[in-house]
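Notes for the structure review
Listed below are the residues making up each chain.
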Amino acid sequence: MIEAKGSSATVSSAAPSRTERAVDSAKHHLLQNYKQQPVVLVRGEGAWVWDAEGRRYLDLIQGIATCALGHCHPAVVAAARAQLETLWHVSNVFYTEPQLQLAERLTAAFGGRDARAFFCNSGAEANEALIKLARRYQHEVAGQRERSDIITFEGSFHGRTLATVTATAQPKYQAGFEPLPQGFRYAPMGDLEAVKRLVGPTTAAILIEPIQGEGGVRPAPPGFLSALRALCDEHGLLLLIDEVQTGIGRTGTAFAYQQHGVQPDAISLAKSLGNGLPIGAMVCSDAVGKALPSGTHGSTFGGNPVAAAAAVATWDLATTPEALKANAEKGELLHRLGRELQARRPGRVVDVRGRGLLFGIEVDGGAADVVARCRQNGLLVNLAGEKTVRFAPAFVTSAAELAEGVAMFERSL
Ligand SMILES: *Cc1c(COP(=O)(O)O)cnc(C)c1O
(Lines give C-alpha, C1' and ligand atoms only; values in the text may rest on other atoms or scores of the structure.)
Protein backbone atom coordinates (compact mmCIF):
# COMPACT_ATOMS: atom_id res chain seq x y z
CA MET A 1 0.00 0.00 0.00
CA ILE A 2 1.20 3.51 -0.72
CA GLU A 3 1.11 5.48 2.51
CA ALA A 4 -1.13 8.51 2.53
CA LYS A 5 0.88 11.70 2.62
CA GLY A 6 0.32 14.06 5.51
CA SER A 7 -0.17 17.75 4.88
CA SER A 8 2.88 19.38 3.38
CA ALA A 9 3.63 21.09 6.68
CA THR A 10 3.89 17.76 8.52
CA VAL A 11 7.33 16.18 8.52
CA SER A 12 6.72 12.45 8.40
CA SER A 13 9.14 10.30 10.34
CA ALA A 14 8.07 7.12 8.51
CA ALA A 15 10.58 5.95 5.92
CA PRO A 16 9.21 6.03 2.36
CA SER A 17 7.96 2.71 1.00
CA ARG A 18 9.79 0.94 -1.83
CA THR A 19 6.99 2.04 -4.12
CA GLU A 20 7.31 5.67 -3.07
CA ARG A 21 11.08 5.54 -3.52
CA ALA A 22 10.68 4.03 -7.00
CA VAL A 23 8.07 6.55 -8.12
CA ASP A 24 10.31 9.35 -6.87
CA SER A 25 13.45 7.90 -8.47
CA ALA A 26 11.65 7.43 -11.79
CA LYS A 27 10.46 11.02 -11.68
CA HIS A 28 14.05 12.22 -11.43
CA HIS A 29 16.04 9.66 -13.40
CA LEU A 30 13.90 8.13 -16.14
CA LEU A 31 12.97 9.75 -19.41
CA GLN A 32 9.32 10.63 -18.92
CA ASN A 33 8.22 8.82 -22.10
CA TYR A 34 5.96 6.21 -20.46
CA LYS A 35 2.67 6.50 -18.61
CA GLN A 36 3.58 4.21 -15.72
CA GLN A 37 1.25 2.75 -13.15
CA PRO A 38 2.42 3.44 -9.57
CA VAL A 39 3.37 -0.16 -8.87
CA VAL A 40 6.79 -1.80 -8.54
CA LEU A 41 6.61 -5.45 -9.58
CA VAL A 42 9.23 -7.60 -7.92
CA ARG A 43 8.29 -11.24 -8.49
CA GLY A 44 6.20 -13.36 -10.82
CA GLU A 45 5.02 -16.95 -11.00
CA GLY A 46 2.78 -18.23 -13.78
CA ALA A 47 -0.27 -16.00 -14.08
CA TRP A 48 0.53 -14.01 -10.93
CA VAL A 49 2.88 -11.16 -9.96
CA TRP A 50 3.69 -9.49 -6.64
CA ASP A 51 4.52 -5.85 -5.99
CA ALA A 52 7.09 -4.38 -3.63
CA GLU A 53 4.44 -4.00 -0.90
CA GLY A 54 3.61 -7.72 -1.02
CA ARG A 55 0.36 -7.33 -2.92
CA ARG A 56 -0.59 -10.04 -5.44
CA TYR A 57 -2.08 -9.39 -8.89
CA LEU A 58 -3.63 -11.64 -11.52
CA ASP A 59 -1.50 -10.71 -14.53
CA LEU A 60 -3.59 -10.96 -17.70
CA ILE A 61 -1.31 -8.72 -19.74
CA GLN A 62 2.01 -10.54 -19.09
CA GLY A 63 4.52 -7.93 -20.16
CA ILE A 64 2.30 -7.01 -23.14
CA ALA A 65 1.96 -10.49 -24.59
CA THR A 66 5.60 -11.39 -23.99
CA CYS A 67 5.55 -14.00 -21.21
CA ALA A 68 3.67 -16.59 -23.26
CA LEU A 69 4.08 -19.38 -20.74
CA GLY A 70 3.74 -17.10 -17.74
CA HIS A 71 6.30 -15.69 -15.35
CA CYS A 72 9.38 -17.80 -14.60
CA HIS A 73 8.11 -20.95 -16.30
CA PRO A 74 10.33 -23.73 -14.90
CA ALA A 75 11.22 -25.22 -18.31
CA VAL A 76 12.24 -21.85 -19.71
CA VAL A 77 14.14 -20.94 -16.54
CA ALA A 78 16.03 -24.25 -16.77
CA ALA A 79 16.92 -23.71 -20.44
CA ALA A 80 18.05 -20.12 -19.92
CA ARG A 81 19.97 -21.00 -16.75
CA ALA A 82 21.80 -23.87 -18.44
CA GLN A 83 22.80 -21.54 -21.26
CA LEU A 84 23.77 -18.73 -18.84
CA GLU A 85 26.19 -21.09 -17.17
CA THR A 86 27.66 -22.21 -20.50
CA LEU A 87 28.01 -19.33 -22.97
CA TRP A 88 26.42 -15.88 -22.99
CA HIS A 89 27.36 -14.28 -26.23
CA VAL A 90 29.80 -14.49 -29.13
CA SER A 91 28.08 -12.41 -31.90
CA ASN A 92 27.06 -13.69 -35.30
CA VAL A 93 30.66 -14.01 -36.48
CA PHE A 94 30.30 -17.58 -35.14
CA TYR A 95 27.56 -20.21 -35.06
CA THR A 96 25.76 -20.98 -31.82
CA GLU A 97 23.50 -23.99 -31.43
CA PRO A 98 20.47 -22.49 -29.62
CA GLN A 99 20.02 -20.00 -32.47
CA LEU A 100 20.10 -22.81 -35.03
CA GLN A 101 17.65 -24.91 -33.02
CA LEU A 102 15.29 -21.96 -32.97
CA ALA A 103 15.76 -21.28 -36.69
CA GLU A 104 14.97 -24.92 -37.47
CA ARG A 105 11.69 -24.68 -35.57
CA LEU A 106 10.58 -21.33 -36.96
CA THR A 107 11.37 -22.14 -40.56
CA ALA A 108 9.65 -25.53 -40.39
CA ALA A 109 6.49 -23.86 -39.05
CA PHE A 110 6.68 -21.07 -41.64
CA GLY A 111 6.63 -23.73 -44.32
CA GLY A 112 7.69 -23.50 -47.89
CA ARG A 113 10.60 -25.62 -48.96
CA ASP A 114 13.50 -23.51 -47.80
CA ALA A 115 12.53 -20.85 -45.31
CA ARG A 116 15.17 -18.81 -43.52
CA ALA A 117 15.38 -16.95 -40.21
CA PHE A 118 17.18 -13.77 -39.18
CA PHE A 119 17.42 -12.85 -35.50
CA CYS A 120 17.32 -9.46 -33.81
CA ASN A 121 16.22 -8.17 -30.42
CA SER A 122 12.79 -6.57 -30.73
CA GLY A 123 9.64 -6.25 -32.78
CA ALA A 124 10.67 -2.94 -34.31
CA GLU A 125 13.94 -4.46 -35.49
CA ALA A 126 12.13 -7.47 -36.93
CA ASN A 127 9.87 -5.12 -38.91
CA GLU A 128 12.84 -2.99 -39.92
CA ALA A 129 14.28 -6.21 -41.38
CA LEU A 130 11.02 -6.84 -43.26
CA ILE A 131 11.14 -3.34 -44.75
CA LYS A 132 14.77 -3.64 -45.79
CA LEU A 133 14.12 -7.12 -47.17
CA ALA A 134 11.19 -5.91 -49.29
CA ARG A 135 13.06 -2.98 -50.79
CA ARG A 136 16.21 -4.91 -51.52
CA TYR A 137 14.22 -7.82 -52.93
CA GLN A 138 12.49 -5.56 -55.43
CA HIS A 139 15.61 -3.56 -56.25
CA GLU A 140 18.22 -6.30 -56.45
CA VAL A 141 16.45 -9.64 -56.98
CA ALA A 142 13.36 -8.69 -59.01
CA GLY A 143 15.20 -5.89 -60.85
CA GLN A 144 12.39 -3.46 -60.02
CA ARG A 145 14.42 -0.45 -58.91
CA GLU A 146 11.43 1.87 -58.73
CA ARG A 147 9.51 -0.45 -56.36
CA SER A 148 10.14 0.91 -52.85
CA ASP A 149 6.77 1.75 -51.30
CA ILE A 150 5.20 -0.32 -48.56
CA ILE A 151 1.45 -0.19 -47.99
CA THR A 152 0.37 -0.42 -44.33
CA PHE A 153 -2.97 0.04 -42.56
CA GLU A 154 -4.58 2.77 -40.50
CA GLY A 155 -4.56 1.83 -36.82
CA SER A 156 -1.52 -0.42 -37.27
CA PHE A 157 1.48 -0.58 -34.98
CA HIS A 158 4.87 -1.74 -36.24
CA GLY A 159 7.38 -0.17 -33.83
CA ARG A 160 9.16 3.01 -32.80
CA THR A 161 12.25 3.24 -35.01
CA LEU A 162 11.97 5.94 -37.65
CA ALA A 163 11.05 3.51 -40.42
CA THR A 164 8.69 1.38 -38.34
CA VAL A 165 6.97 4.40 -36.77
CA THR A 166 6.41 5.61 -40.32
CA ALA A 167 4.98 2.20 -41.22
CA THR A 168 2.74 2.66 -38.15
CA ALA A 169 -0.18 4.49 -39.73
CA GLN A 170 -1.19 6.47 -36.64
CA PRO A 171 -0.33 10.18 -36.54
CA LYS A 172 -0.01 10.25 -32.73
CA TYR A 173 3.11 8.06 -32.90
CA GLN A 174 4.71 10.14 -35.68
CA ALA A 175 4.05 13.71 -34.56
CA GLY A 176 7.20 15.79 -34.10
CA PHE A 177 9.61 13.30 -35.64
CA GLU A 178 9.53 14.70 -39.15
CA PRO A 179 11.09 14.37 -41.64
CA LEU A 180 9.82 10.79 -41.75
CA PRO A 181 11.41 8.26 -44.12
CA GLN A 182 9.79 8.09 -47.53
CA GLY A 183 8.05 5.12 -49.05
CA PHE A 184 5.00 4.34 -46.91
CA ARG A 185 1.37 4.52 -48.04
CA TYR A 186 -1.67 3.93 -45.84
CA ALA A 187 -5.00 2.24 -46.47
CA PRO A 188 -8.00 1.83 -44.17
CA MET A 189 -7.93 -1.62 -42.51
CA GLY A 190 -10.01 -4.11 -44.44
CA ASP A 191 -10.58 -1.84 -47.46
CA LEU A 192 -9.40 -3.86 -50.45
CA GLU A 193 -10.48 -1.25 -53.01
CA ALA A 194 -8.40 1.40 -51.23
CA VAL A 195 -5.39 -0.91 -51.31
CA LYS A 196 -5.89 -1.53 -55.03
CA ARG A 197 -5.98 2.22 -55.65
CA LEU A 198 -2.64 2.61 -53.83
CA VAL A 199 -0.87 -0.17 -55.75
CA GLY A 200 1.24 1.24 -58.56
CA PRO A 201 4.63 0.99 -60.26
CA THR A 202 6.43 2.11 -57.07
CA THR A 203 4.78 -0.42 -54.72
CA ALA A 204 7.10 -3.03 -53.20
CA ALA A 205 5.06 -4.77 -50.51
CA ILE A 206 2.03 -4.84 -48.23
CA LEU A 207 2.64 -5.09 -44.46
CA ILE A 208 -0.21 -6.08 -42.12
CA GLU A 209 -0.96 -7.41 -38.63
CA PRO A 210 -3.45 -10.34 -38.65
CA ILE A 211 -4.96 -8.70 -35.56
CA GLN A 212 -4.10 -5.06 -34.90
CA GLY A 213 -2.84 -5.26 -31.31
CA GLU A 214 -1.91 -1.76 -30.14
CA GLY A 215 -4.61 -0.39 -32.43
CA GLY A 216 -7.31 -1.93 -30.22
CA VAL A 217 -7.30 -5.72 -30.80
CA ARG A 218 -8.89 -5.47 -34.25
CA PRO A 219 -8.78 -8.64 -36.37
CA ALA A 220 -8.41 -8.33 -40.14
CA PRO A 221 -11.80 -9.11 -41.71
CA PRO A 222 -12.31 -12.68 -43.01
CA GLY A 223 -10.88 -13.10 -46.50
CA PHE A 224 -8.83 -9.90 -46.36
CA LEU A 225 -5.39 -11.52 -46.06
CA SER A 226 -6.09 -13.92 -48.91
CA ALA A 227 -7.34 -11.02 -51.07
CA LEU A 228 -4.08 -9.19 -50.30
CA ARG A 229 -2.12 -12.33 -51.20
CA ALA A 230 -3.87 -12.46 -54.58
CA LEU A 231 -3.20 -8.77 -55.14
CA CYS A 232 0.47 -9.23 -54.28
CA ASP A 233 0.76 -12.15 -56.68
CA GLU A 234 -0.91 -10.18 -59.45
CA HIS A 235 1.48 -7.23 -59.09
CA GLY A 236 4.73 -8.87 -57.99
CA LEU A 237 4.53 -7.48 -54.43
CA LEU A 238 5.63 -9.12 -51.20
CA LEU A 239 3.09 -9.94 -48.51
CA LEU A 240 4.70 -9.17 -45.15
CA ILE A 241 2.87 -10.18 -41.98
CA ASP A 242 3.66 -8.63 -38.60
CA GLU A 243 3.19 -11.49 -36.12
CA VAL A 244 5.05 -9.70 -33.32
CA GLN A 245 2.00 -9.75 -31.04
CA THR A 246 0.03 -12.66 -32.54
CA GLY A 247 2.82 -15.22 -33.05
CA ILE A 248 4.00 -18.27 -31.06
CA GLY A 249 0.64 -19.95 -30.63
CA ARG A 250 -1.25 -17.13 -28.94
CA THR A 251 -4.24 -17.17 -31.31
CA GLY A 252 -4.54 -20.96 -31.56
CA THR A 253 -2.07 -21.58 -34.40
CA ALA A 254 1.71 -21.13 -34.30
CA PHE A 255 1.25 -18.00 -36.43
CA ALA A 256 -2.09 -16.21 -36.77
CA TYR A 257 -1.88 -15.99 -40.58
CA GLN A 258 -2.24 -19.78 -40.71
CA GLN A 259 -5.96 -19.35 -39.95
CA HIS A 260 -6.36 -17.26 -43.12
CA GLY A 261 -5.17 -19.82 -45.68
CA VAL A 262 -2.31 -17.65 -46.92
CA GLN A 263 1.43 -18.05 -47.18
CA PRO A 264 3.24 -14.75 -46.63
CA ASP A 265 6.65 -14.02 -48.15
CA ALA A 266 8.02 -13.00 -44.77
CA ILE A 267 6.91 -12.49 -41.18
CA SER A 268 8.21 -10.70 -38.09
CA LEU A 269 8.19 -12.14 -34.57
CA ALA A 270 9.19 -10.86 -31.14
CA LYS A 271 7.04 -10.40 -28.00
CA SER A 272 6.21 -14.02 -26.96
CA LEU A 273 9.22 -15.50 -28.75
CA GLY A 274 11.60 -15.44 -25.74
CA ASN A 275 8.94 -15.70 -22.99
CA GLY A 276 10.07 -12.29 -21.79
CA LEU A 277 13.73 -12.32 -22.78
CA PRO A 278 14.37 -9.86 -25.62
CA ILE A 279 14.55 -11.57 -29.00
CA GLY A 280 12.98 -10.88 -32.37
CA ALA A 281 13.04 -12.69 -35.68
CA MET A 282 12.25 -12.33 -39.33
CA VAL A 283 11.33 -15.52 -41.15
CA CYS A 284 11.09 -15.53 -44.95
CA SER A 285 11.09 -17.76 -47.98
CA ASP A 286 14.46 -18.62 -49.47
CA ALA A 287 13.57 -16.89 -52.74
CA VAL A 288 12.98 -13.60 -50.95
CA GLY A 289 15.78 -14.11 -48.41
CA LYS A 290 18.32 -14.04 -51.24
CA ALA A 291 17.81 -10.27 -51.17
CA LEU A 292 19.91 -10.02 -48.00
CA PRO A 293 23.21 -11.77 -48.75
CA SER A 294 26.40 -11.52 -46.69
CA GLY A 295 27.10 -8.03 -45.41
CA THR A 296 23.71 -6.46 -46.17
CA HIS A 297 22.09 -6.67 -42.73
CA GLY A 298 22.97 -7.70 -39.19
CA SER A 299 22.68 -7.34 -35.43
CA THR A 300 25.39 -7.77 -32.78
CA PHE A 301 23.07 -9.26 -30.18
CA GLY A 302 20.64 -10.91 -32.61
CA GLY A 303 19.94 -14.54 -31.73
CA ASN A 304 21.84 -14.26 -28.43
CA PRO A 305 22.32 -17.80 -27.06
CA VAL A 306 20.51 -17.22 -23.75
CA ALA A 307 17.49 -15.59 -25.39
CA ALA A 308 17.50 -18.25 -28.12
CA ALA A 309 17.66 -21.09 -25.58
CA ALA A 310 14.67 -19.57 -23.75
CA ALA A 311 12.87 -19.22 -27.08
CA VAL A 312 13.45 -22.87 -28.02
CA ALA A 313 12.06 -24.04 -24.68
CA THR A 314 9.09 -21.67 -25.08
CA TRP A 315 8.36 -22.77 -28.63
CA ASP A 316 8.45 -26.46 -27.70
CA LEU A 317 5.76 -25.99 -25.05
CA ALA A 318 3.70 -23.21 -26.66
CA THR A 319 3.14 -24.76 -30.07
CA THR A 320 2.18 -28.37 -29.35
CA PRO A 321 -1.23 -29.33 -30.81
CA GLU A 322 -2.63 -29.56 -27.25
CA ALA A 323 -1.33 -26.10 -26.30
CA LEU A 324 -2.71 -24.54 -29.48
CA LYS A 325 -6.10 -26.16 -28.94
CA ALA A 326 -6.16 -24.97 -25.33
CA ASN A 327 -5.43 -21.38 -26.40
CA ALA A 328 -8.23 -21.48 -28.97
CA GLU A 329 -10.65 -22.83 -26.36
CA LYS A 330 -9.63 -20.24 -23.77
CA GLY A 331 -10.24 -17.60 -26.43
CA GLU A 332 -13.76 -18.94 -26.91
CA LEU A 333 -14.26 -18.83 -23.15
CA LEU A 334 -13.12 -15.19 -23.04
CA HIS A 335 -15.51 -14.33 -25.87
CA ARG A 336 -18.41 -16.02 -24.10
CA LEU A 337 -17.63 -14.28 -20.79
CA GLY A 338 -17.17 -10.99 -22.63
CA ARG A 339 -20.48 -11.28 -24.47
CA GLU A 340 -22.29 -12.19 -21.23
CA LEU A 341 -20.73 -9.13 -19.62
CA GLN A 342 -21.82 -7.02 -22.58
CA ALA A 343 -25.37 -8.32 -22.15
CA ARG A 344 -25.29 -7.29 -18.46
CA ARG A 345 -23.71 -3.90 -19.19
CA PRO A 346 -24.95 -2.92 -22.66
CA GLY A 347 -23.80 0.55 -23.58
CA ARG A 348 -20.88 0.36 -21.13
CA VAL A 349 -19.30 -2.59 -22.97
CA VAL A 350 -19.32 -1.70 -26.66
CA ASP A 351 -17.58 -4.69 -28.24
CA VAL A 352 -15.47 -7.77 -27.50
CA ARG A 353 -12.80 -8.79 -30.01
CA GLY A 354 -9.80 -10.99 -30.56
CA ARG A 355 -8.71 -14.56 -31.09
CA GLY A 356 -7.31 -17.08 -28.64
CA LEU A 357 -5.39 -15.37 -25.86
CA LEU A 358 -5.36 -11.94 -27.46
CA PHE A 359 -8.61 -10.36 -26.37
CA GLY A 360 -10.00 -6.84 -26.13
CA ILE A 361 -13.06 -5.33 -24.46
CA GLU A 362 -14.04 -1.96 -25.90
CA VAL A 363 -15.75 0.33 -23.38
CA ASP A 364 -17.76 3.46 -24.05
CA GLY A 365 -15.19 5.77 -22.45
CA GLY A 366 -12.80 6.15 -19.53
CA ALA A 367 -10.86 3.04 -20.53
CA ALA A 368 -7.71 4.30 -18.80
CA ASP A 369 -9.67 4.67 -15.55
CA VAL A 370 -11.00 1.13 -15.94
CA VAL A 371 -7.43 -0.15 -16.30
CA ALA A 372 -6.38 1.75 -13.15
CA ARG A 373 -9.36 0.40 -11.18
CA CYS A 374 -8.58 -3.13 -12.41
CA ARG A 375 -5.12 -2.71 -10.92
CA GLN A 376 -6.55 -1.45 -7.62
CA ASN A 377 -8.79 -4.54 -7.65
CA GLY A 378 -5.80 -6.84 -8.23
CA LEU A 379 -5.97 -7.37 -12.01
CA LEU A 380 -3.30 -6.28 -14.51
CA VAL A 381 -4.52 -5.47 -18.03
CA ASN A 382 -3.70 -2.52 -20.29
CA LEU A 383 -5.02 -0.11 -22.84
CA ALA A 384 -4.90 -0.83 -26.57
CA GLY A 385 -5.99 2.18 -28.57
CA GLU A 386 -8.17 4.76 -26.83
CA LYS A 387 -11.15 2.65 -25.79
CA THR A 388 -10.11 -0.97 -25.59
CA VAL A 389 -8.85 -2.87 -22.56
CA ARG A 390 -6.48 -5.59 -23.69
CA PHE A 391 -6.02 -9.04 -22.22
CA ALA A 392 -2.97 -11.08 -23.29
CA PRO A 393 -2.92 -13.85 -20.67
CA ALA A 394 -0.18 -16.40 -20.30
CA PHE A 395 -1.04 -19.76 -21.84
CA VAL A 396 -0.82 -21.35 -18.37
CA THR A 397 -3.70 -19.22 -17.08
CA SER A 398 -6.54 -21.54 -16.05
CA ALA A 399 -10.15 -21.16 -17.17
CA ALA A 400 -11.03 -20.33 -13.55
CA GLU A 401 -8.40 -17.57 -13.46
CA LEU A 402 -9.68 -16.13 -16.74
CA ALA A 403 -13.21 -16.07 -15.33
CA GLU A 404 -11.90 -14.45 -12.15
CA GLY A 405 -10.15 -11.84 -14.31
CA VAL A 406 -13.32 -10.98 -16.24
CA ALA A 407 -15.22 -10.73 -12.92
CA MET A 408 -12.56 -8.34 -11.57
CA PHE A 409 -12.85 -6.35 -14.79
CA GLU A 410 -16.62 -6.13 -14.35
CA ARG A 411 -16.19 -4.82 -10.79
CA SER A 412 -13.82 -2.17 -12.24
CA LEU A 413 -16.21 -0.81 -14.86
C1 LIG B 1 4.91 -4.55 -29.94
C2 LIG B 1 4.80 -4.57 -31.42
C3 LIG B 1 5.85 -4.13 -32.25
C4 LIG B 1 7.09 -3.48 -31.70
O5 LIG B 1 7.83 -4.35 -30.91
P6 LIG B 1 8.99 -3.76 -29.95
O7 LIG B 1 9.62 -5.00 -29.39
O8 LIG B 1 8.36 -2.88 -28.95
O9 LIG B 1 9.93 -3.02 -30.84
C10 LIG B 1 5.69 -4.26 -33.60
N11 LIG B 1 4.57 -4.80 -34.14
C12 LIG B 1 3.56 -5.23 -33.38
C13 LIG B 1 2.37 -5.84 -34.03
C14 LIG B 1 3.63 -5.12 -32.00
O15 LIG B 1 2.59 -5.53 -31.24
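Everything here concerns the structure above.
Notes on the structure in this doc start here.

Calculation notes
Residues numbered from 1 in each chain as written. Predicted model: local features only at pLDDT ≥ 70, side-chain atom pairs only at ≥ 80, totals over all residues. Heavy atoms only, no water. Helix = DSSP H or I, 4+ residues; strand = E, 2+ residues; numbered from the N terminus. Rg over C-alpha atoms; globule rule 2.2 N^0.38 Å. Buried < 20%, exposed > 50% of the residue type's maximum accessible area, 1.4 Å probe, protein only. Contact = heavy atoms within 4.5 Å. Areas by Shrake-Rupley, 256 points an atom, 1.4 Å probe, with all protein chains shown as cover. Lys, Arg positive; Asp, Glu negative; His and termini not counted. Charge placed at Lys NZ, Arg CZ, Asp CG, Glu CD. Core = buried A, V, L, I, M, F, W, Y, C linked by side-chain atoms within 4.5 Å. Near = heavy atom within 4 Å. Polar contact = N/O pair within 3.5 Å; in protein donor to acceptor, adjacent residues only side chain to side chain. Nonpolar A, V, L, I, M, F, W, Y, C, P; charged D, E, K, R; others polar. Pairing = 2+ DSSP bridges. 1 Å grid on protein atoms, 1.4 Å probe; cavity = no way out; pocket = protein on both sides within 12 Å on 5 of 7 lines; lining within 4 Å. Points joined across faces, edges and corners; volume = space filled by probe spheres on them. Axes fitted to C-alpha atoms, helices over the stretch in contact; angles between N-to-C directions. Phe/Tyr/Trp six-rings, centres within 6.5 Å; stacked < 30°, edge-to-face > 60°. Lys NZ or Arg CZ within 6 Å of the ring centre and 35° of its normal.

Attention now goes to the overall build of the protein. Counting secondary structure elements, the protein contains 14 helices and 17 strands. Over its C-alpha trace the protein gives a radius of gyration of 22 Å, about what one expects of a compact globule, namely 22 Å for 413 residues. C-alpha extents for the protein along the principal axes are approximately 75 × 55 × 45 Å. Across the 413 residues in the protein, those meeting the buried criterion constitute 53%. The long-range fraction of contacts in the protein, counting pairs at least 24 apart against all pairs at least 6 apart in sequence, stands at 70%. For the protein, the computed accessible surface area is about 18,700 Å², with 54% contributed by carbon and sulfur atoms. Separation of charge centres in the protein, based on 41 positive and 41 negative side chains, amounts to 3 Å.

Core analysis: the biggest nonpolar cluster contains 77 residues, and Val195, Ile206 and Phe409 have the highest contact counts within it. In this view, isoleucine 206 contacts Ile151, Phe153, Val195, Leu228, Leu231, Cys232, Leu237, Leu238, Leu239 and Leu240; residues no more than four positions away in its chain are not counted. In terms of nonpolar packing, the next biggest core, distinct from the first, is built from 23 residues, Ile131, Ala134, Cys284 and Ala291 among them.

Every residue close to the ligand is listed here: Ser122, Gly123, Ala124, Asn127, Phe157, His158, Gly159, Glu209, Asp242, Val244, Gln245 and Lys271. In the environment of the ligand, a nitrogen atom lies 2.8 Å from a nitrogen or oxygen atom belonging to the side chain of aspartate 242. The dominant element in the shell around the ligand, judged by the number of residues it contributes, is helix H5 (residues 123-141), at three residues. Split by residue class, the shell around the ligand holds three nonpolar, six polar and three charged.

Put simply, glutamate 178 and proline 179 share a cis peptide bond, and its omega is 0°. Not every positive phi belongs to a glycine, and valine 217 is a case in point at roughly 50°. Along the chain, valine 217 falls in the loop between strand E8 (211-212) and strand E9 (218-219). Judged by relative accessible area, which is 0%, valine 217 ranks as buried.

With that settled, the discussion passes to the pairing of strand E14 (residues 358-363). Counting buried residues in E14 gives six out of six residues, a clear majority hidden from the surface. In the sheet, strand E13 (residues 349-355) pairs with E14 via six bridges, with the strands oriented antiparallel. Paired with arginine 355 across the strands is leucine 358, a residue of E14. What sits between E13 and E14 in their antiparallel hairpin is a turn of two residues, with glycine 356 showing a positive phi close to 60°. In terms of strand pairing, E14 meets strand E17 (residues 388-391) through four bridges, oriented antiparallel.

Right, let's talk about the layout of surface pockets for a bit. Roughly 870 Å³ of volume is contained in the second largest pocket. Considering the residues around the second largest pocket, the lining is formed by 30 residues, among which Gln99, Arg116, Ala117, Phe118 and Phe119 are closest to the centre. Only helix H4 (97-110), strand E4 (115-120), strand E12 (280-285) and helix H10 (286-289) provide two or more residues apiece to the lining of the second largest pocket. The residue makeup of the lining of the second largest pocket, split by class, is 14 nonpolar, twelve polar and four charged.

With that out of the way, let us pick up the sheet that holds E12. Strand order across the open sheet formed by seven strands is E4-E12-E11-E10-E7-E5-E6, with mixed pairing between neighbours. Looking at strand neighbours, the two that pair on one side only are E4 and strand E6 (184-187), the edges of this open sheet. Taking each pair of neighbouring strands and ignoring which way they run, the sheet shows an average axis angle of 20°. Of the pairings in the sheet, the one linking strand E7 (residues 203-208) to strand E10 (residues 238-242) comprises four bridges and is parallel in character. By the bridge assignment for E10, isoleucine 206 is matched with leucine 239.

A full pass over the atoms with the stated rule returns seven aromatic pairs. Centroid distance phenylalanine 110 to tyrosine 257: 6.3 Å. Interplanar angle 70°. Geometry classified as edge-to-face. Here phenylalanine 110, found in helix H4, pairs with tyrosine 257, found in the loop between E10 and strand E11 (266-269); they are 147 residues apart in sequence, far enough to count as distant. This pair shows no difference in class: phenylalanine 110 is buried, exactly as tyrosine 257 is. Here arginine 43 stacks its cationic end above the ring of tryptophan 50, 4.0 Å away from the centre of that ring. Sitting above the plane of the tryptophan 48 ring, arginine 56 keeps its charged end 3.6 Å from the centroid.

Our next topic: empty space enclosed by the protein. One pass over the full model with this rule turns up one cavity of 30 Å³ or more. The wall of the largest cavity is formed by His89, Val90, Ser91, Asn92, Thr96, Gln99, Gly302, Gly303 and Pro305. Looking at the lining of the largest cavity, its residues break down into two nonpolar, seven polar and no charged.

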